[in-house]
Amino acid sequence: MSKNSFQAALYLLPAGLLFLVFFYWPLLQNAYLSLFSWNMVSPNMKFVGAENFSVIFASPELWKILLNTVLFVVIMLVLNFVLPYIYSFILGHVVTRWSSFYRSALFLPSTLSLAVASILFLWIYNPLAGPLQIILSWFSLESPRWFKEDYLVIFAICTIIGWKVFGYNMIVMLAAMVAVPKELIEAAKLENASNWTIFRKIILPMTSSTAIYVFTITVVFGLQYVLVPVNMLTQGGPDQGSSNLVYIIYQYAFTFFQTGRSAAYAVITMVCYLLFLFVKNKYLEKKVYYEN
Amino acid sequence: MKTNLASWRDEWGYHLLLLIAVFLMLWPIVFMLSTSLKDLNQVFESTLNPLPFPPTFDNYTNVLENFPLLTYIWNTFYIAIIVTLSKALTSVLAAFGFVYYDFKYKETIFNGMLLTFFIPITVLIMPNYLLMAKLGLLDTPYGVMLPSLVDGMGVFLMRQTMRGIPKPLLEAAILDGATPWQILRKVVLPLIKPSVLAISILFFINSWNEYFWPLLILQDKSNLTLPLALQMFISAEGGSEWGVAMAVATLTSLPPLVLYGFCQKFIINTFMQAGVKG
Amino acid sequence: MSNVENNNEYSIIFSGVKKAYGKTVVIENLNLEIKKGERLILLGPSGCGKTTTLRMIAGFEEITSGDLFMDGEQVNDLPPGERNIAMVFQSYALFPHMTVWENITFGLQLQKLPKDEIAKRAKEAMEILHLEGYENKKTHELSGGQKQRVALCRALVKQSPYFLLDEPLSNLDAKLRQKARTELVKLHEMFKPTMVYVTHDQIEAMTVAHRIAVMNQGRIQQIDTPYNIYHHPANTFVAGFIGSPAMNILEAQVLNKCLVIGQSAVKLPQSLREQIAAREKVYFGLRPEACTPAFGDAMIKGKVDFVENTGNLQTATLRLADGASLYVQDSHQDAHLEECTGVDFAWENVCLFDAETGVNLELGGK
């Protein structure tokens, strides 16, 4: 509308400046720090070139971390992408009553702090006296030590995230579901199409752009949400069994005080994220039906 | 026309699925509330009973006496309110810049702002921590606030909302000789007020719930926020503090729950908008 | 700043104006002079550039090249807010968060006019537009017609010398539209601003305009009074666009002082032979209401395909021997158009157009 770039710059300045200082400058600084060996306090920073990277790529730790990350992502995709998708369809197009009650109730946990969620589930999963243990004992099952066993710990943490995020993602999906014109579905029902056919032939293609958005935030934010329970409940343990690409950056910086290694992991993680976003934009978005 | 009965017959299976989900979602919250109202015996003897009998407020008085809880509440609130105001302000200003003006690299700059939304927080924490240390802001609320004063999603959502304003409205104001600032204040802001309010509520809840960044910055016990204070009760794992822990958890959850209770429709609508891509 | 002439107070002059979006040229070379106080209507099909032209006057669209003069000053780069223009938008663009009164006085408040002056002007304008009593209503409480009047009122209070309207009546139903049209003309007569009015509705154009500029594909096809536009269309586009049903335009061969239309030969009068000169082919234009149905011998022979009766009129589609069709309109209710065998016409009602350029031969055909 107006081409006065000077004025435009004034409006963008507050946000732009803060973004530059607190988001983009750190990215550069990571790249810089990743070339040094440093412990964050000592006045000496030793230039080591690409050594931090070569050590990381040679260590078995990286592969364990990557495997954990993939596991986290897969489980969270089920809990926070597939299930919300199905539930939003049921809520948007199958049931005819009570849907606003369901919506409100299912959304409720999204408003709570992950710190609260973590402490709640720590108690629920408590293997000695927690409620889940009691329920398991009804079936004469013994409660495993949820946060102390390899793989199981990842599942347990994912359920915390699942509990917190399910409702949010479902609401976002629901927005797309109800945006599908009712006439289309009624037309299909006149042809005696089953719910399954309607889901596959109408809903799936028409909600795909939002689905991709939810898919993306599930992967991108899921790994960040994981930080809170991991840090509160396991500190990455047992034996790095619940660490992942995002958490390891924190560990190296603030637990092991190896700034260079942390920065190198930060660079690697950032590259992975950008790759993911790039691939998503390039390949997934193309197959999507956009209304406009 | 389907009769009521027929629709029940068709749908009961789906309602069952939904009710199971509702149960799984709500049970931990009910459980948190009820445990916080139980005394030590009840916590372990009747763990699953959702109705504490008799309910006791011992856990709450205990917390209030032994911890500077009011200080924590104030700390959390102080940070959340400033973060919220700043995020809302910077988002609205930037969004207006994008909607009202045409300039070179507009899309690139916008995408650059939106991208920050996807940068994982741990990638940023170490450099930002070093910066806060340099500025002498460690262990202060300002160190917590500073990197949280903008929000990429905020800019995105505000731009979406402003784009929804019919162009002739802005043009009519322009013809009347309104300056961009007047247009923002007298035309745009009144029109998008509900969205600004809704997103501010979200900003507030998110900041209130924030755990990770404050954890790094705040050290002194008197500076902590509520989610950080929760951490203190975990060291007693397997111990006997569950009732107290649940009381603090309940207090931490109360403001978001109350806000949600009052502004449910607002919040859900904004969340729903967030998913609609632009 | 260059002065053009002296008598161009409050006139709007486009001089060689070009408008392009990137490589897409919307308006090639626009030359148009809008006189002070006249009602000029920009008429054309959608996408013809009429709205772009209006928005260039308002300053919402940048001018790619050429000059726009208002009141003798070149205003290419003058911001919209400084052009002293009042405009009525198609969607009315009423601010939904303000009352009627706030909407109407919004611009005046921005100009920081004294309060009593604002109140005086607003009251006057509301009285003229019969809006008294609606001051405190929110815009969503108004009917379509009321909204339209509030939009007019908001433009009126500015008392600006330029009055732009972008399809201001298109959101009204047919009955209201007719009334609003008349009111609009009365309103203009009261204050006589220079009025530029965009529409795609030819009836609106014919009834409101002093002059109509018919546009197509970014060019002005003809600019003239409604009478001349109707009776002396400059080319086949204008002839076909104005009138409903449109003017019949038929291919005709020139043979031996005769015109052959659908295998019927009619003798040409001397004056038209001069217009035709050496051409072998022309377009023959005849308005449906200028056709007199013939029973028996006819100037142009044909068979009736179809008759439509709209109560006051009958419209017949005549199929000529070469397959072309011809519309005939007749106001005699008792005529049995089904049985007619062709049409007669008077030569003064005929327009002839060049077969290649489509230009009316009255204008030399070039």
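Not measured: the values here are computed from a predicted model.

Participant: Which residues make up the overall build of chain A, and what values do they have?
Facilitator: Each helix and strand in chain A was counted, giving 13 helices and two strands. Residue burial in chain A is summarised as follows: out of 292 residues, 58% are buried. Across chain A, the fraction of contacts at a sequence separation of at least 24, relative to all contacts at a separation of at least 6, is 70%. Surface summary for chain A: the accessible area is close to 12,800 Å², and the carbon and sulfur share equals 67%. The centroid of the 17 positive side-chain charges in chain A is displaced by 6 Å from the centroid of its 11 negative side-chain charges.

Participant: Which residues make up the sheet that holds strand β4 (residues 65-70) of chain C, and what values go with them?
Facilitator: With antiparallel pairing, the four strands of this open sheet are ordered in space as β2-β1-β4-β5 (chain C). Each having just a single partner strand, β2 (24-34) and β5 (73-74) of chain C make up the two edges of the open sheet.

Participant: Tell me about the pairing of strand β11 (residues 248-255) of chain C, and name the residues and values.
Facilitator: Residues and elements named next belong to chain C. Inspection of the sheet shows β11 paired to strand β14 (residues 281-286) by six bridges, in the antiparallel sense. Each bridged residue has a counterpart across the sheet, and for Ala252 the counterpart in β14 is Val282. Sheet topology places β11 next to strand β12 (residues 258-261); four bridges connect them, and they run antiparallel. Counted as the bridge partner of Leu255 is Cys258 from β12. Linking β11 back to β12 in an antiparallel pair, the connection comprises two residues, with Asn256 at a positive phi of about 55°.

Participant: An account of the domain arrangement of chain B is requested, with residue identities and associated values reported.
Facilitator: Residues and elements named next belong to chain B. Per the domain assignment, the segments of chain B are domain 1 (2-56) and domain 2 (60-276). Taking only C-alpha atoms into account, the centre of domain 1 sits 31 Å from that of domain 2. Listed by partner, the interface residues are eight residues for domain 1 and ten residues for domain 2. Taken together, both faces of the contact between domain 1 and domain 2 bury some 740 Å²; the carbon and sulfur share is 80%. Ranking the residues of domain 1 by area buried against domain 2 places Met32, Ser36 and Phe44 at the top, with a combined share of 55%. Remark: the boundary between domain 1 and domain 2 carries zero salt bridges.

Participant: How would you summarise the packing of aromatic side chains if you had to cite specific residues and measurements?
Facilitator: Counted according to the given criterion, the structure contains 51 aromatic pairs over all chains. Judged by centre distance (5.7 Å) and plane angle (65°), the rings of Tyr85 of chain A and Phe199 of chain A are edge-to-face. Taken together, the residues Tyr85 of chain A in helix α3 (residues 60-94) and Phe199 of chain A in helix α9 (residues 195-206) connect sequence positions 114 residues apart. Relative accessible area serves as the criterion here: at 13%, Phe199 of chain A is assigned to the buried category. Taken together, a centroid distance of 5.0 Å and an interplanar angle of 75° make the contact between Tyr100 of chain B and Tyr101 of chain B edge-to-face. With relative accessibility at 5%, the residue Tyr100 of chain B sits in the buried group. Assessed through its relative accessible area of 0%, Tyr101 of chain B is described here as buried.

Participant: With reference to specific residues and values, describe a nonpolar patch on the surface.
Facilitator: Taken together, the side chains of Phe6, Leu10, Leu13, Leu17, Leu20 and Val21 of chain A make up a nonpolar region of the molecular surface, amounting to roughly 600 Å² of accessible area. Residue Leu13 of chain A is classed as partly exposed on the basis of its relative accessible area, which comes to 46%.

Participant: So what about the environment of His130 of chain C? Which residues, and what values?
Facilitator: Residue and element names in this part refer to chain C. Within the secondary structure layout, His130 lies in the loop between α3 (115-128) and α4 (144-157). Residues His130 and Val150 lie 20 residues apart in sequence; the distance between their C-alpha atoms is 9.6 Å. If sequence neighbours within four positions are ignored, His130 has contacts with Arg149 and Glu183.

Participant: Describe the pattern of salt bridges, naming the residues involved and giving the relevant values.
Facilitator: Residue and element names in this part refer to chain B. Considering all chains together, one arrives at 16 salt bridges over all chains under this definition. Of the charged contacts, one joins Glu107 and Arg159 as a salt bridge, the two residues approaching to 3.9 Å between their closest N and O atoms. A residue pair is termed long-range when its members are at least 10 positions apart, and Glu107 in helix α5 (residues 106-115) and Arg159 in helix α8 (residues 152-163) qualify at 52 residues. With relative accessibility at 5%, the residue Arg159 sits in the buried group.

Participant: Requested: an account of the sheet that holds β11 of chain C, with residues and values cited.
Facilitator: Residues and elements named next belong to chain C. If you walk across this open sheet you meet the five strands as β13-β12-β11-β14-β20, and the pairing is antiparallel. For this open sheet the edge positions go to β13 (264-267) and β20 (351-354), each flanked by a neighbour on one side alone. Averaged over all pairs of adjacent strands, the angle between their axes in this sheet comes to 35°, without regard to strand direction. Two elements, β14 and β20, share four bridges in a ladder whose sense is antiparallel. Counterpart to Val282 in the pairing with β20 is Asp354.

Participant: Let's hear about the interface of chain B and chain A: which residues, and what values?
Facilitator: Taken residue by residue, the interface counts 101 residues in chain B and 99 residues in chain A. Buried surface at the junction of chain B and chain A, both sides included, amounts to about 9,000 Å², of which 78% is carbon and sulfur. By the criterion of area lost to chain A, the three top residues of chain B are Met25, Phe118 and Met126 of chain B, representing 8% of everything that side buries. Inspection of the region where chain B meets chain A yields 17 residue pairs in polar contact (both at pLDDT 80 or more). The dominant element in the side of chain B that touches chain A, judged by the number of residues it contributes, is helix α1 (residues 4-36) of chain B, at 20 residues. When its residues are assigned to classes, the side of chain B that touches chain A shows 75 nonpolar, 19 polar and seven charged.

Participant: Talk me through the nonpolar core; I want residue IDs and the actual numbers.
Facilitator: Membership of the largest hydrophobic core comes to 232 residues, with the highest contact counts inside it found for Phe147 of chain A together with Ile183 of chain B. Per element, the largest residue contribution to this core is 17 residues, and it comes from helix α7 (residues 152-179) of chain A. Not counting residues up to four positions away in its chain, the partners in contact with Ile183 of chain B are Phe96, Tyr100, Leu170, Ala173, Ile174, Ala178 and Val188 of chain B. Judged by nonpolar contacts, the second largest core, of 43 residues, contains Ile118, Ala125, Tyr197 and Val214 of chain C.

Participant: With reference to specific residues and values, describe the confidence of the model for chain B.
Facilitator: Summing up the model confidence of chain B, the mean pLDDT is 86 and the portion of residues at 70 or higher is 92%. As a predicted assembly, this complex carries a pTM of 0.86 together with an ipTM value of 0.88.

Cut-off values and rules
Residues numbered from 1 in each chain as written. Chains lettered and ligands numbered in written order. Predicted model: local features only at pLDDT ≥ 70, side-chain atom pairs only at ≥ 80, totals over all residues. Heavy atoms only, no water. Helix = DSSP H or I, 4+ residues; strand = E, 2+ residues; numbered from the N terminus. Buried < 20%, exposed > 50% of the residue type's maximum accessible area, 1.4 Å probe, protein only. Contact = heavy atoms within 4.5 Å. Areas by Shrake-Rupley, 256 points an atom, 1.4 Å probe, with all protein chains shown as cover. Lys, Arg positive; Asp, Glu negative; His and termini not counted. Charge placed at Lys NZ, Arg CZ, Asp CG, Glu CD. Pairing = 2+ DSSP bridges. Domains from an automatic or database assignment. Buried area = accessible area lost by both parts, 1.4 Å probe. Salt bridge = Lys/Arg side-chain N within 4 Å of Asp/Glu carboxyl O. Phe/Tyr/Trp six-rings, centres within 6.5 Å; stacked < 30°, edge-to-face > 60°. Patch = residues over 30% accessible without salt bridge, like charges linked within 9 Å, V, L, I, M, F, W, Y side chains within 5 Å. Axes fitted to C-alpha atoms, helices over the stretch in contact; angles between N-to-C directions. Polar contact = N/O pair within 3.5 Å; in protein donor to acceptor, adjacent residues only side chain to side chain. Nonpolar A, V, L, I, M, F, W, Y, C, P; charged D, E, K, R; others polar. Core = buried A, V, L, I, M, F, W, Y, C linked by side-chain atoms within 4.5 Å. pLDDT = per-residue confidence, 0-100.

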